[in-house]
Amino acid sequence: METVKRGYVPKDTTEFGSKAVPKLNAAAQELAFLLDRGYDTKSASIFVGNHHLLSERQRLALARITSPRAALEERERKRLREAPEALVLDGFNTIITLEVALFYLDQQVSNSGRLRALLLDKAAVRSVQIRVELHPSDAIIKIINRDLER
């Protein structure tokens, strides 16, 4: 069975391979340095990307994985260390997470049948029992809407 690489582009092997890692690490450190000094992510990533001759895809990845130290510290500060008395969750994000956790796949998305087979194969190798169902997307929406109306 063929391995499915979602979002994969053939040049990724070169642009994110072992030879590119030192250049990407240096660029990430420089971008973080600029972000820590208040520079805008877009303009700083363009500047650093030009300096290191990064592709557009490398620049986008760099901008997505690099944060200023203050943002990292803020995320760490918000991290739960013990069970809270109450927890407020975004309902739609929770539904999306559960949909993924329950392996419901949108039947109308291309390659969903192949992804189903891959998940079943991987689970069988690890002796994990799972059920992967393909559902039309509007069936999931109807279930969600019916539950919300109660």
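Computed from a prediction, not measured in an experiment: that's the story for all the values here.

Here we come to a nonpolar patch on the surface. Together, Leu80, Leu87 and Leu89 line one region of the surface with nonpolar side chains, adding up to about 330 Å² of accessible area. Looking at the secondary structure, you find leucine 87 in the loop between helix H5 (69-78) and helix H6 (91-101). Judged by its relative accessible area of 52%, leucine 87 is exposed.

Along the polypeptide, alanine 26 turns up in helix H2 (residues 21-36). Distance from alanine 26 to histidine 52, taken between C-alpha atoms, is 8.8 Å for residues 26 residues apart in sequence.

Packed helices, taken two at a time, are described by their axes: the angle between them and the distance between them. Running from N to C, H2 and helix H4 (residues 56-65) cross one another at 50°; their axes reach a closest spacing of 10 Å. Overall, the two elements H2 and H4 adopt an arrangement that is oblique. Between H2 and H4 lies a crossing of right-handed hand. Where H2 approaches H4, its residues Leu24, Ala27, Ala28 and Leu31 are matched on the opposing element by Gln58, Leu62 and Ala63. Looking at the contact of H2 with H4 residue by residue, the classes come out as 6 nonpolar, 1 polar and no charged.

Cut-offs and rules
- Residues numbered from 1 in each chain as written.
- Predicted model: local features only at pLDDT ≥ 70, side-chain atom pairs only at ≥ 80, totals over all residues.
- Heavy atoms only, no water.
- Patch = residues over 30% accessible without salt bridge, like charges linked within 9 Å, V, L, I, M, F, W, Y side chains within 5 Å.
- Areas by Shrake-Rupley, 256 points an atom, 1.4 Å probe, with all protein chains shown as cover.
- Salt bridge = Lys/Arg side-chain N within 4 Å of Asp/Glu carboxyl O.
- Helix = DSSP H or I, 4+ residues; strand = E, 2+ residues; numbered from the N terminus.
- Buried < 20%, exposed > 50% of the residue type's maximum accessible area, 1.4 Å probe, protein only.
- Axes fitted to C-alpha atoms, helices over the stretch in contact; angles between N-to-C directions.
- Parallel < 35°, antiparallel > 145°, perpendicular 65-115°, else oblique.
- Left-handed = near helix turned anticlockwise from the far one by under 90°.
- Contact = heavy atoms within 4.5 Å.
- Nonpolar A, V, L, I, M, F, W, Y, C, P; charged D, E, K, R; others polar.

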